[in-house]
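# Structure at a glance
Residue strings, one per chain:
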Amino acid sequence: SSAASDVYKRQVLDDCTALCVLFSTKGKRFPNTTDFHTTFHRPLLLEPVIIKASILKIGKNIVSVEGKIFKEKNKLVASCLHTGFLFDTHGMKK
């Protein structure tokens, strides 16, 4: 797995876990990342993947989200733990 490939995996996990929070809060809150830990389990070529994200814990100000990338035969490619400070989206411009 190349360093460039790892960067792309990390970016995908970051986007998907952030969107998980946004959708779970019906667009009202978004995580401002305070910690993002990624583990790379196996290489990934240019191939279809499945990405799963789930909120582990959401509080008044902090959220913890788990993200995983799988390739064929449900093989785990990368996983992450995304922790963020929640901010309200009501002040964001559309």
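Just above, that's the structure.
The structure contained in this document is the topic of the report that follows. Residue numbers run consecutively from 1 along every chain, following the written order of its sequence. In keeping with the predicted nature of the model, local features appear solely for residues at pLDDT of at least 70, side-chain atom pairs appear and are counted solely at 80 or more, and the whole-chain, interface and lining totals rest on all residues. Calculation of side-chain values draws on the structure's entire complement of heavy atoms; hydrogens and water are dropped beforehand.

### Brief notes about the overall build of the protein chain
Numbered from the N terminus, helices here are DSSP runs of H or I no shorter than four residues, and strands are runs of E no shorter than two. Helix and strand counts for the protein chain come out as one helix and four strands. Seen in sequence order, the protein chain has helices and strands lined up from the N terminus as α-β-β-β-β. Each principal axis of the C-alpha atoms in the protein chain carries an extent, and together these give about 40 × 25 × 25 Å. Note on contacts: a residue pair qualifies if any of its non-hydrogen atoms lie within 4.5 Å across the two residues. A sequence separation of at least 24 residues applies to 62% of the contacts in the protein chain between residues at least 6 apart. Areas reported here follow the Shrake-Rupley algorithm with a probe of radius 1.4 Å; residue values treat only the protein chains shown as occluding. With the model as given, the accessible surface of the protein chain reaches about 6,300 Å², and the carbon-plus-sulfur share is 58%. Across the protein chain, the 15 positively charged side chains and the 8 negatively charged ones have centroids separated by 6 Å. Lys and Arg are tallied as positive, Asp and Glu as negative. Neither His nor the chain termini are counted. Just so you know, the charge point we use is NZ for Lys, CZ for Arg, CG for Asp and CD for Glu.

### Describing the environment of serine 79
Relative to the helices and strands, serine 79 is located in strand β4 (residues 75-88). Relative accessible area decides the class of each residue, using a 1.4 Å probe on protein chains only: under 20% of the type maximum gives buried, over 50% gives exposed, and in between gives partly exposed. Taking the relative accessible area as the measure of exposure, serine 79 reaches 16% and is therefore buried. Serine 79 sits 54 residues away from threonine 25 along the chain, and the two C-alpha atoms are 23 Å apart. The residues contacting serine 79, other than those within four sequence positions of it, are Leu13, His37, Thr38, Thr39, His41, Gly67 and Lys68. For this analysis, a polar contact is any N or O atom pair within 3.5 Å, provided that within protein one partner can donate a hydrogen and the other can accept it, and provided that sequence-adjacent residues contribute only side-chain to side-chain pairs. There is a polar contact of 2.8 Å between the side chain of serine 79 and the side chain of histidine 41.

### Re the pattern of salt bridges
Between side chains of opposite charge, pairing is possible as soon as their charged atoms come close. Salt bridges, as used here, are contacts in which a Lys or Arg side-chain nitrogen is within 4 Å of a carboxyl oxygen on Asp or Glu. Summed over all chains, the structure comprises three salt bridges. Aspartate 88 is the partner of arginine 29 in a salt bridge, and the nearest nitrogen-oxygen pair spans 3.2 Å. Residue arginine 29 is located in strand β1 (residues 29-40), and its partner aspartate 88 is located in strand β4; the two are separated by 59 residues in the primary sequence. For lysine 68, the salt bridge is made with glutamate 66, and the minimal N-O distance between the two is 4.0 Å.

### A look at the side chain of histidine 82
Of note, histidine 82 is situated in strand β4. What makes histidine 82 buried here is its relative accessible area of 1%. A distance of 2.6 Å separates polar atoms of two side chains, one belonging to histidine 82 and the other to threonine 17. At 2.7 Å, the side chain of histidine 82 forms a polar contact with the side chain of threonine 33.

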